[in-house]
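Coordinates in review
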Amino acid sequence: MLRENMIWVALFVVVLLIAAASPVFLSSQNIVNILRQISILGVVAIGMTFPLIAGAFDLSVGATMGFATVVAIQFQPKDLPSAMGSLVAALALGIIVGIVNGWLIGIFKTNSVVTTIGTMYIVWGATLIYTQSKHVWVFDMFPSMEALGTGYVGPFPVPVLILAATAVLGHAVLNYTRFGRYVHATGGNSEAARLSGVNTARTRLIAFIISGAAASIAGIIIAARVKNVDPSFGIGYEFEGLTAVVLGGTSLLGGRGSVSGTVAGVLLLGVLANAMTLLNISFNYQLMIKGIILILAVAGDVIARTRRG
Amino acid sequence: MRHWNWVRIILHQRVLIVLVGVVLLGAFISPEFMTASNFQNVQIQLATDGIIAVGMTFVIISGGFDLSVGSVLALAGLTAVGLQSSLGTPAGLVLALLMGVVVGLVNGFLVTKIGINPFIATLGTMTLVRGLALGVTDTKPISGVDENFATLATLPVLGIPLAGLIFLAVLVIGFHVLTSTVIGRHIYAVGGNLEASWLSGIKIDAYRVGTYVLTSFLAALSGVLLASRINTGSPVVGRDTPLTVISAVLLGGTNMVGGSGSLIGTLEGVLVLGVLNNEMDLMGVADYYQTIIRGALLVLVVLFDRFYIVRLARRAA
């Protein structure tokens, strides 16, 4: 019980420590700020959780997110029809990448690490071709679409609400549906799952579609928020997402993990990044500290598990 | 049956066949391709990734994985160049290589003693070392001040640039160790079945730590050579390195699961990727198509291997 909620305990302790060190930290404005900053990583990481629990890595999410951002901007969404087109195209893109990944890994059972590194390159190359390696931007974005990135509902930024909706939906799907049980079973023991009638190939396929679509949604939020982006944006984001998912206790071997853990992992990373910024630590050293945190968190988890077992 | 043998030969030597095709294509398409200067150019470019690929082959055969090589490559170059003015070039070189060994020890410790998944452990050290490289330099490159260092990588020894010669030496020694020594057999055993290896008295942790130290050391060596070639230590180089190197190793038929693979295959993989890149550069193919082709090649190879294995299994059954 405690171990499953370890990440929340860690989060609580870190928040207390930072609050003691910096009075600005717990101001409502700063909290909203943190939540907005983590919303993009959160959506991507929740998506990645699905294939990972089903026993497969998706390293193509960063490139997919980048492509979706570029497409959403390049469609020049200035009025309702072009905004709809932009959203549909960006979303379709993530779903297509998900289908290709899922088809290769689920149906043909190729190694997921190598396959998604391959599709990552393909998607990245496609992004570069599409943009001719040039910066893309849009002026006068359709206001309703812009609201997806910059709007507020009451005190809450829209991206935070999208993250909350994704988290609730993801949690429900993973815990209260037959598909969610299939995902766990496929990752836990693929052969046993198959023998008991689970279509493991289709389960993995759908898990990859979820992760591709989530990456697209994150890309759309970014497009709506910044409205201009470099074509190599998003590369490397898969590692950030993986860090969050692993911090949240999802097993790399599959079969074990949760959306709530992933959300906690994302929160922890966001809180630490925010605290380091408040303490004036440069971005570069933040990167270094992030690496240390990842190692310590996973080491702690492994040690705790071996002591018990 | 004769017919089948041919098919099998083609299947077995598929990377070599692709390589021959790629080279022939280059010879036909670009007049510069077969020139001596281009040959030397390719050699130096290949050496950077190739040296690391030898180490990566060891790690993957022993059942591990190392994502930190690109960061180590960058930090080693920075160390070698950055310490020239204060400690002198030789001390800088030694410390750069030593840094590689230390990162390898940390990787090995995390994977064997703590039991962290190699993917995550080396992802952690990758981030950590990259942050360190970016942090100490404030994201700015450092220029070399020693002329001797600047010519080190291209220094002709027996008519071959030093970087190429080192790659060859590393490859030959690695090949000998893997194929003809007890150490090599144990590395295959450890990757094939860890539990069984331990039960038969092999010092499994020593071998696993050893492969990480070797890879990290070679990554540092490669970083030093790269820094020498461009006479600059840059904190941003090598972001692509782990993926390129791992692609080459897997292209060469080494299995991700561990226990099988060969350096001949890795050499073929490195050559295919390197020659293909060179050709596309010569032909003026834009970077972005190169990225796509690299990805497609990787997907095709895993897919092909999958069908090949399935077919072999069916034939055996």
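Residues numbered from 1 in each chain as written. Chains lettered and ligands numbered in written order. Predicted model: local features only at pLDDT ≥ 70, side-chain atom pairs only at ≥ 80, totals over all residues. Heavy atoms only, no water.

Points about the overall build of chain A
Cut-off, in case you're wondering: Secondary structure is summarised from DSSP: a helix means a run of H or I of at least four residues, a strand means a run of E of at least two, and numbering begins at the N terminus for each. We take the radius of gyration over the C-alpha atoms and set the globule estimate at 2.2 Å times the residue count to the 0.38 power. We call two residues in contact when some of their heavy atoms are within 4.5 Å.
Each helix and strand counted, chain A has 13 helices and four strands in total. Its C-alpha atoms give chain A a radius of gyration of 19 Å, near enough to 19 Å, the size a compact globule of 309 residues would have. Taken along its principal axes, the extent of the C-alpha atoms in chain A is 60 × 50 × 35 Å. Contacts spanning at least 24 positions in sequence make up 79% of the contacts within chain A whose residues lie at least 6 apart.

Focus on the packing of aromatic side chains
Centre distance and the angle of the planes are the two values used to describe a pair of aromatic rings. Stated formally: Planes of paired rings set the category: under 30 degrees apart is stacked, over 60 is edge-to-face and the rest tilted, where pairs are Phe, Tyr or Trp rings (Trp by its six-membered ring) whose centres lie within 6.5 Å. Under the scheme applied here, a residue whose accessible area is under 20% of the maximum for its type counts as buried, over 50% as exposed, and between as partly exposed, the area being computed with a 1.4 Å probe on protein chains only.
Counted under the stated rule, the structure contains four aromatic pairs over all chains. Geometrically, the ring pair formed by Trp103(A) and Phe108(A) is edge-to-face, given 4.7 Å between the ring centres and 90° between the ring planes. For Trp103(A), a relative accessible area of 41% gives the class partly exposed. We classify Phe108(A) as partly exposed; its relative accessible area is 21%. Aromatic ring contacts, followed pair by pair, group Phe57(A), Phe65(B) and Phe119(B) into a single cluster.

Concerning the interface of chain B and chain A
The accessible area lost on association of the parts is a frequent measure of interface size. The following threshold applies: Note: buried area is the sum, over both parts, of the accessible area (probe 1.4 Å) each one loses when the two are combined. Salt bridge, as used here, is a side-chain nitrogen of Lys or Arg placed within 4 Å of a carboxyl oxygen of Asp or Glu. Two N or O atoms count as a polar contact when they lie within 3.5 Å, although within protein this holds only if one can serve as hydrogen donor and the other as acceptor, and sequence-adjacent residues are included solely when both atoms are side-chain atoms.
Each partner contributes residues to the interface: chain B has 43 residues there, and chain A has 40 residues. Between chain B and chain A, a total of about 3,600 Å² is buried, with carbon and sulfur atoms accounting for 83% of that surface. The interface formed by chain B and chain A holds zero salt bridges in total. Between chain B and chain A we count four residue pairs in polar contact (both at pLDDT 80 or more) in total. Put simply, the parts of the chain that give the side of chain B that touches chain A at least two residues each are α5 (89-114), α6 (118-137), α12 (241-251) and α14 (287-316) of chain B. For the side of chain B that touches chain A, the element with the most residues is α6(B), which contributes 15 residues.

Digging into the nonpolar core
Let me state the cut-off plainly: Among the buried residues, those of types Ala, Val, Leu, Ile, Met, Phe, Trp, Tyr and Cys that are joined through side-chain atoms within 4.5 Å form a nonpolar core.
Core analysis: the biggest nonpolar cluster contains 147 residues, and Leu242(A), Ile116(B) and Ile120(B) have the highest contact counts within it. Per-element accounting of this core gives the leading share, twelve residues, to helix α2 (residues 28-53) of chain A. In this structure Ile116(B) touches Ile295(A), Val298(A), Ala299(A), Val302(A), Leu110(B), Val111(B) and Ala121(B), once residues within four positions along its chain are discounted. Residues Ile51(B), Val54(B), Val190(B) and Tyr207(B) belong to the second largest nonpolar core, which totals 21 residues.

Details of the pattern of salt bridges
Residue and element names in this part refer to chain A. Taken as a whole and assessed by the stated rule, the structure comprises six salt bridges over all chains. Here Glu146 ties to Lys227 by a salt bridge, and the two come within 3.4 Å at their closest N and O atoms. Remark: Lys227 occurs in the loop between α10 (200-226) and β4 (228-229) and Glu146 occurs in helix α6 (residues 143-150); sequence separation between them is 81 residues. Judged by relative accessible area, which is 25%, Glu146 ranks as partly exposed. Here Lys227 falls in the buried class, since its relative accessible area comes to 17%. A salt bridge links Glu191 to Arg194; the nearest nitrogen and oxygen atoms lie 2.9 Å apart.

Focus on the layout of surface pockets
Residues and elements named next belong to chain A. For clarity, the threshold we go by: Both cavities and pockets are sets of points on a 1 Å grid over the protein atoms alone; in a cavity a 1.4 Å probe fits but cannot get out, in a pocket the set is open with protein on both sides within 12 Å along at least five of seven lines, and lining residues sit with an atom within 4 Å of a point. Grid points are joined across faces, edges and corners, and a volume is the space filled by probe spheres set on the points. In this count, Pro and Cys sit with the nonpolar residues alongside Ala, Val, Leu, Ile, Met, Phe, Trp and Tyr, while Asp, Glu, Lys and Arg are called charged and the others, Gly among them, polar.
In this structure, the second largest pocket encloses a volume near 1,400 Å³. As for the second largest pocket, its lining consists of 45 residues, and the residues nearest its centre are Tyr237, Glu240, Phe283, Leu287 and Lys290. Here the element with the most residues in the lining of the second largest pocket is helix α12 (residues 259-278); it accounts for seven residues. Residue classes in the lining of the second largest pocket are distributed as 22 nonpolar, 16 polar and seven charged.

Concerning unusual backbone geometry
Residues and elements named next belong to chain A. If you check the backbone angles, Lys109 has positive phi at about 55° while not being a glycine. The exposure class assigned to Lys109 is partly exposed, which follows from its relative accessible area of 41%. Positive phi outside glycine occurs at Asn280, with the angle close to 65°. Considering the arrangement of structural elements, one finds Asn280 in the loop between α12 and α13 (283-308). Classification of Asn280 as exposed rests on a relative accessible area of 71%.

Points about the confidence of the model for chain B
What counts is decided by this rule: Values of pLDDT, the confidence the predictor places in each residue, fall between 0 and 100.
On average, residues of chain B score 86 in pLDDT, and 93% of them are at 70 or above. Interface confidence for the predicted complex, given as ipTM, is 0.80, next to a pTM of 0.85.

Re the packing of helix α11 (residues 237-247) of chain A against α12(A)
Residue and element names in this part refer to chain A. Keep this limit in mind: Axes, fitted as lines to C-alpha atoms, cover a helix only where it is in contact. Angles between the N-to-C directions of the axes lie from 0 to 180 degrees. Under this scheme an angle from 65 to 115 degrees is roughly perpendicular, one under 35 degrees roughly parallel, and one over 145 degrees roughly antiparallel; angles in between are oblique. Here a crossing is called left-handed whenever its near helix is offset anticlockwise from the far helix by less than a right angle, and right-handed whenever the offset is clockwise.
Contact pair α11 / α12: the axes reach a minimum separation of 7 Å and the direction vectors enclose 120°. Taken together, the axis directions place α11 and α12 in an arrangement best described as oblique. The handedness of the crossing between α11 and α12 comes out as right-handed. Here α11 contributes Glu240, Thr243, Ala244, Val245 and Leu247 to the contact with α12, which in turn contributes Thr262, Gly265, Val266, Leu268 and Leu269. When grouped by side-chain class, the residues that make up the contact of α11 with α12 number six nonpolar, three polar and one charged.

As for the packing of α6(A) against α10(A)
All names here are of chain A. Contact geometry of α6 with α10 gives a least axis separation of 7 Å together with a crossing angle of 105°. Classed by the angle they form, the pair α6 and α10 counts as roughly perpendicular. Judged by residue contacts, Met145, Glu146, Leu148, Gly149 and Thr150 of α6 engage Ile220, Ile221, Ala224 and Arg225 from α10. The class makeup of the residues in the contact of α6 with α10 is five nonpolar, two polar and two charged.

Some details on empty space enclosed by the protein
All names here are of chain B. In the structure shown here, the tally under the stated rule is three cavities of 30 Å³ or more. Of the volumes computed, that of the largest cavity is approximately 50 Å³. As for the largest cavity, its lining consists of Leu73, Ala74, Gly77, Gly223, Leu226, Ala227, Ile230, Thr232, Ser234 and Val237. Of all the secondary structure elements, the ones that give two or more residues to the lining of the largest cavity are α4 (69-82) and α11 (204-230). Among the elements that make up the lining of the largest cavity, the one with the highest residue count is α11 (four residues).

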